[in-house]
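In case you want the letters, here they are:
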Amino acid sequence: MTRSTLIQRNRTGAAGTPILVGLVLLLLVGGLAVWGFLRFGSGEAMGASAVSSPEWEEVKRQDIHVNVVSEGELVAKHQVDVVSIIENRDDPTIESVIEEGVMVKAGDWLYTLSAPAIEADYEELQSQVQQQESDVVEAQRNLEIEKDSAASAEAQARLTLELAELEHRRWEEGTVPQRERELQLALEKAERELEQAQREVVFSQELYDQGHLSQSELETDQIRLIEAENGLQTAQLDLQVYNEFEKVKEEKERLSDIEQAEAELNRTIRKNENQMELLLARVSNEENQLTQLRARLQRAQRYIDAIEMEAPADGLVIYGSTVASNGWERRNPIRQGARIWGGRRVILLTDTSQMIANLRVHEAYISQVKVGQQVNIEITARPGVVMPAVVVEKKNSANQDGGGNPNVSEYLVLAELPEGIDNDLRPGMKCKGSIQIRVIPDVVAVSIQAVHTLGDTHFVYVPAGPGKVRRQVVQLGGASDTHVEIISGLNPGDRVLLRNPRPGEVQDAPSGTGPEDAEEPAEPAAA
């Protein structure tokens, strides 16, 4: 109730008691004044109290930092991948593996595989090498024995030569044209299959965009297109390989047969000369086979050595499935009995002294993110702890994830934390990053919670005497998630209320425009 209302009621009250009512009114007003002075003092005293009160904020000139907030996870800046090199139709399985999260030194045991097929292949190759070594010795012995042997009859040699020439002619006039037609037909077929697959993908994409086709059906047609492209490349490669290598090789083989037949004929004339060449060729062939078998045995030996793996470097043990991007691999974690195929990352040895936050930034903000921008990182497992970081890389390709929305793309931004900031951080930890994309320098600004909105009007509450506040209309500029720029309506040194006014605290508030009618909090202006 205002003072004017009390006076009006006094005037229209009982006429017989005007003096008494006046005294009561005087005492009431005086008591309120004393209470207000004791609580707030003068307007200046109220302002002084507001400076130190958490309910009040002094308007200042300051920089406003505009940020983009995104989520992600930590990875180690330096890490060593321990990848299985074993490629076999029967993939080995893990027999035993070191516990995840253990720190190891170079040379420490990591895991042992169960690979009976690899061991059996190794034993078989050992036997083959031993047998081939015997064959080489035999060929060399025969060469020495046959040095003095008699040559074949000249007629037999001529017949051999004629047969070799016939075989070359049959190959040149029959086999080659037939093979070329087959390869050309396969190429034409692959080209038509590719054209058909391209048309089907375009049609399927239209059906998918219209909602008449599922994602998996569209992907099936896309896979067919990939297969058709691969089929065309294979057909082209087959034709190229045949023309450039196989045909040349076959021709050389047949010409070689002719040359050997001619040599056989000359051997009859020159006695044992040609026989010596044949035996030398046999020895060379046996030695080549032995070389190939030894190479295979050497590779098998590497597989055997890879059955029991030691750490190639110091680091923290993280299973490859823990940080795998492939969903199937994550659903088949590294553990006893897990299949380990060739090229699968079994373990990461990570250096946790320096970490990188892989942040997924929405496509709407990625253009504002630049290398070198400052980032505040908050680890989900460490609420309230903020760590500094710097943007070191921005990926150009989008991740079609968007939180389950196929129409939203996110881009990967790498933010590097200082070395040694926290050695207890681990790869895979969830985090949130606030990337400072720009600064609005040296502007009049207040905390965003001080600004209220009513319709199209923005205002704040400022002191208005003892126990009272009044509205001050302001014009807003740029904003961050914590502060907003004040273009007009406030000056540095002014004080604004950070909370909603209490009932009766707003000075001369029009009916229907009390604090309960304001839309709280204000919507900040576009940054």
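Computed from a prediction, not measured in an experiment: that's the story for all the values here. (Residues numbered from 1 in each chain as written. Predicted model: local features only at pLDDT ≥ 70, side-chain atom pairs only at ≥ 80, totals over all residues. Heavy atoms only, no water.)

Concerning the overall build of the protein chain
Heads up, the rule is: Secondary structure follows DSSP: runs of H or I at least 4 residues long count as helices, runs of E at least 2 residues long count as strands, and numbering of each begins at the N terminus. Only protein chains enter the accessibility calculation, which uses a 1.4 Å probe; a residue whose area is less than 20% of its type maximum is buried, one above 50% is exposed, and one in between is partly exposed. Note on contacts: a residue pair is in contact if any heavy atoms of the two residues lie within 4.5 Å. Every accessible area reported is derived by Shrake-Rupley at a probe size of 1.4 Å, with residue values counting cover from the shown protein chains alone.
Tallying secondary structure elements over the protein chain gives 8 helices and 17 strands in all. The burial tally for the protein chain puts 34% of its 527 residues in the buried class. Pairs at least 24 apart in sequence give 76% of the contacts found in the protein chain among residues at least 6 apart. As displayed, the protein chain offers around 31,100 Å² of accessible surface, 50% of which is attributable to carbon and sulfur atoms.

Focus: the pattern of salt bridges
Where charged atoms of side chains with opposite charge meet at close range, the side chains can pair. What counts, and what does not: A side-chain nitrogen of Lys or Arg and a carboxyl oxygen of Asp or Glu constitute a salt bridge if their distance falls within 4 Å.
Tallied over the full model, the rule gives 22 salt bridges. The salt bridge partner of Lys-247 is Glu-180, with a shortest N-O separation of 2.9 Å. In this pair, Lys-247 sits in helix H6 (residues 215–270) while Glu-180 sits in helix H5 (residues 154–209), placing the two residues 67 residues apart along the sequence. According to the relative accessible area criterion, Lys-247 is partly exposed, its value standing at 22%. A salt bridge links Arg-499 to Glu-505, with the nearest nitrogen and oxygen atoms 3.2 Å apart. Look at Arg-499 and you get buried, because its relative accessible area is 18%. Given the relative accessible area of 9%, Glu-505 is considered buried. Here the residues in one salt-bridge network are Glu-55, Arg-499, Arg-502 and Glu-505, joined through shared partners.

Topic: the side chain of Glu-286
Note the following rule: Just so you know, the count uses Lys and Arg for positive and Asp and Glu for negative, and it drops His and the chain ends.
Tracing the backbone shows Glu-286 in helix H7 (residues 273–305). One buried charged residue, Glu-286, forms no salt bridge at all, with the nearest opposite charge on Arg-282 at 4.3 Å. With sequence-adjacent residues up to four places away left out, Glu-286 is seen in contact with Gln-132, Asp-135, Val-136 and Ala-139.

Section: the layout of surface pockets
Put simply, the rule is: Throughout, the protein atoms alone are placed on a 1 Å grid, and a set of points is a cavity if a 1.4 Å probe fits but cannot get out or a pocket if it is open with protein on both sides within 12 Å along at least five of seven lines; lining residues have an atom within 4 Å of a point. Grid points are joined across faces, edges and corners, and a volume is the space filled by probe spheres set on the points.
By volume, the second largest pocket is sized at about 460 Å³. What lines the second largest pocket is a set of 17 residues, among which Glu-73, Val-75, Thr-322, Val-323 and Ala-324 lie closest to the centre. Looking at the lining of the second largest pocket, the elements that each hand over two or more residues are strand S2 (60–83) and strand S8 (345–362). Take the lining of the second largest pocket: its biggest share by element is 5 residues, from S2.

Considerations on the confidence of the model for the protein chain
This is how the line gets drawn: For every residue, the predictor assigns a confidence score, pLDDT, that lies between 0 and 100.
Averaged over all residues, the pLDDT of the protein chain is 81; the fraction at 70 or higher stands at 81%. Across residues 400–404, confidence stays below pLDDT 50; counting only partners more than four residues off in sequence or on other chains, it has 7 contacts. The model gives residues 510–527 a pLDDT under 50, and that stretch makes 39 contacts with residues more than four places away or in other chains.

Details of the environment of Gln-240
Mapped onto the secondary structure, Gln-240 falls in helix H6. Considered as a pair, Gln-240 and Leu-183 are 57 residues apart in the sequence and their alpha carbons are 9.5 Å apart.

What to know about the packing of aromatic side chains
Just so we agree on the cut-off: Whether two aromatic rings pair depends on their centres lying within 6.5 Å, for rings of Phe, Tyr and Trp, where Trp uses its six-membered ring; planes under 30 degrees apart make the pair stacked, over 60 edge-to-face, and the rest tilted. Only lysine NZ and arginine CZ atoms are considered, and such an atom sits over a ring when it is within 6 Å of the ring centre and within 35 degrees of the ring normal.
Scanning the model with the defined rule gives 1 aromatic pair in all. Both rings, one in Phe-459 and one in Tyr-461, keep their centres 5.5 Å apart while their planes meet at 90°; by these two values the pair is edge-to-face. If you follow Arg-179 out to its NZ or CZ, it ends over the ring of Tyr-242, 5.8 Å from the centre.

Observations regarding the nonpolar core
Going by this rule: By convention a nonpolar core is built from buried Ala, Val, Leu, Ile, Met, Phe, Trp, Tyr and Cys residues, the set being connected through side-chain atoms within 4.5 Å.
Ranked by size, the top nonpolar core spans 28 residues in total, and within it Ile-377 and Ile-435 carry the most contacts. It is strand S12 (residues 430–447) that contributes the most residues to this core, 6 residues altogether. Ignoring any residue separated from it by four or fewer positions in sequence, one finds Ile-435 in contact with Val-66, Asn-67, Val-68, Ser-70, Leu-359, Val-361, Val-369, Gln-373, Gln-374, Val-375, Val-391 and Val-413. Within the second largest apolar cluster, 23 residues are counted, among which are Ile-94, Leu-113, Tyr-303 and Leu-349.

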